[in-house]
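# Topology and contacts: notes
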Amino acid sequence: MRIVFRAILAALGCLLFIAAVLLPSRSAQDSSKSPAPPASPDSNPAESSKALRLNTLGVAYLNQQRPADAQKLFEQALQSDPKLAVARLNLGISLLNQQKAEAARDALLAATQQLPKDPYAWYNLGLAYKDLGELDHGVAAFEHVTQILPDEADAYYFVGYLNSQLQKYDLAIAAYQKGLALFPYHASSEFGIARAYQRNGDAAAAREHLAKFQ
């Protein structure tokens, strides 16, 4: 069975890449529709309006797969209105799409403090933690997503994936099971749970889920 697992790791890598790259783009679109936080009494309405326009342009660049250009616009938006939380979230996403994981983590951590109930802020923060190898923090971030959006199968996948990396296979299996209950055709979760079962010593369950994956 180990030979079979090694033979399909490349396919899993492609699926991981898709999950980690496409979902931040979706988050950027959704984040642009989130209401901005209330302006402070001393805020300048003209500057706030300018910041919103710059943020909207930045999202357009993200949708065109131009994260470096988007980053500049989000930074300009924050210069105009440092309290525009959605621009900080989108800045983190643009940095994440450029593989600037440390800067992305810092921006997204600040975004979650401003937007504690925004699932996409926590989701992208989880991706940044994953890229940096900060696995425990990543698990916590994705668990926040599942608390806000209990039907988000991708978040359960990453909880399972990171717990597997931490060799916490029982927790990984439980997370994969929740994700698969929501979306039975989640191929990455099928492979992940098969491998977690294998490493946890349950060969029969590993074979069953590997067959579903294939």
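Not measured: the values here are computed from a predicted model.

Our focus in this paragraph is the side chain of glutamine 71. The residue glutamine 71 is located in helix α4 (residues 67-80) in this model. For glutamine 71, a relative accessible area of 12% translates into the label buried. Looking at glutamine 71, its side chain comes within polar contact range of the side chain of lysine 100, at 3.4 Å.

On to the packing of aromatic side chains, then. All chains considered together, the criterion is met by eight aromatic pairs. Centre to centre, the rings of tyrosine 157 and tyrosine 176 are 6.0 Å apart; their planes meet at 45 degrees, and the pair counts as tilted. Here the residue tyrosine 157 occupies a position in helix α9 (residues 153-165), and tyrosine 176 occupies one in helix α10 (residues 169-182), the gap between them amounting to 19 residues. One exposure class covers both tyrosine 157 and tyrosine 176, and it is buried.

Okay, the environment of alanine 175 next. Here alanine 175 is to be found in helix α10. For alanine 175, a relative accessible area of 4% gives the class buried. Sequence separation between alanine 175 and tyrosine 156 is 19 residues, and the spatial gap between their C-alpha atoms is 5.3 Å. Once residues within four sequence positions are removed from consideration, alanine 175 is found in contact with Tyr156, Val159 and Gly160.

Attention now moves to α9. Each turn of an α-helix holds 3.6 residues, which means side chains three or four residues apart point in the same direction. Taking 1.5 Å per residue as the helical rise, α9 with its 13 residues ought to reach 18 Å, and the 19 Å between its terminal C-alpha atoms agrees with that figure. The buried count for α9 comes to eleven of 13 residues, which makes it a mostly enclosed element. Three or more residues of α9 are buried, namely Ala153, Asp154, Ala155, Tyr156, Tyr157, Phe158, Val159, Gly160, Leu162, Asn163 and Ser164. For α9, the N-terminal cap is glutamate 152; the gap from its side-chain oxygen to the backbone nitrogen of aspartate 154 is 3.3 Å. One or two steps after α9, the chain reaches glutamine 167, where phi turns positive at roughly 65 degrees.

Bringing the confidence of the model for the chain into the picture now. Summing up the model confidence of the chain, the mean pLDDT is 83 and the portion of residues at 70 or higher is 78%. Within the chain, helix α2 (residues 9-32) has the poorest average pLDDT of any element, 37, and helix α8 (residues 135-148) the best, 98. pLDDT under 50 marks residues 2-41. Its contacts with residues more than four places away, or in other chains, come to 65 contacts.

Tracing the backbone through its elements, the reader meets serine 80 in helix α4. Note: C-alpha distance between serine 80 and leucine 52 (28 residues apart in sequence) is 9.2 Å.

Time to look at α10. Look at α10: 20 Å from first C-alpha to last across 14 residues, which is about the 20 Å you get at 1.5 Å a residue. Listed in full, the buried residues belonging to α10 are Tyr169, Ala172, Ile173, Ala175, Tyr176, Gly179 and Leu180. Within α10, the buried residues cover an arc of 165 degrees as seen down the axis, which keeps them to one side. Exposed side chains of α10 directed beyond 90 degrees from the buried face belong to Asp170, Leu171 and Ala181. Buried positions along α10 lie against α9 and α11 (187-199).

Positive phi outside glycine occurs at glutamine 99, with the angle close to 60 degrees. Of note, glutamine 99 is situated in the loop between α5 (85-97) and α6 (101-114). The phi dihedral of glutamine 167 is positive, around 65 degrees, even though this residue is not glycine. Mapped onto the elements, glutamine 167 comes out in the loop between α9 and α10. Given the relative accessible area of 58%, glutamine 167 is considered exposed.

Cut-off values and rules
Residues numbered from 1 in each chain as written. Predicted model: local features only at pLDDT ≥ 70, side-chain atom pairs only at ≥ 80, totals over all residues. Heavy atoms only, no water. Helix = DSSP H or I, 4+ residues; strand = E, 2+ residues; numbered from the N terminus. Buried < 20%, exposed > 50% of the residue type's maximum accessible area, 1.4 Å probe, protein only. Polar contact = N/O pair within 3.5 Å; in protein donor to acceptor, adjacent residues only side chain to side chain. Phe/Tyr/Trp six-rings, centres within 6.5 Å; stacked < 30°, edge-to-face > 60°. Contact = heavy atoms within 4.5 Å. Expected span 1.5 Å × (residues − 1). pLDDT = per-residue confidence, 0-100. Arc of directions from axis to C-beta.

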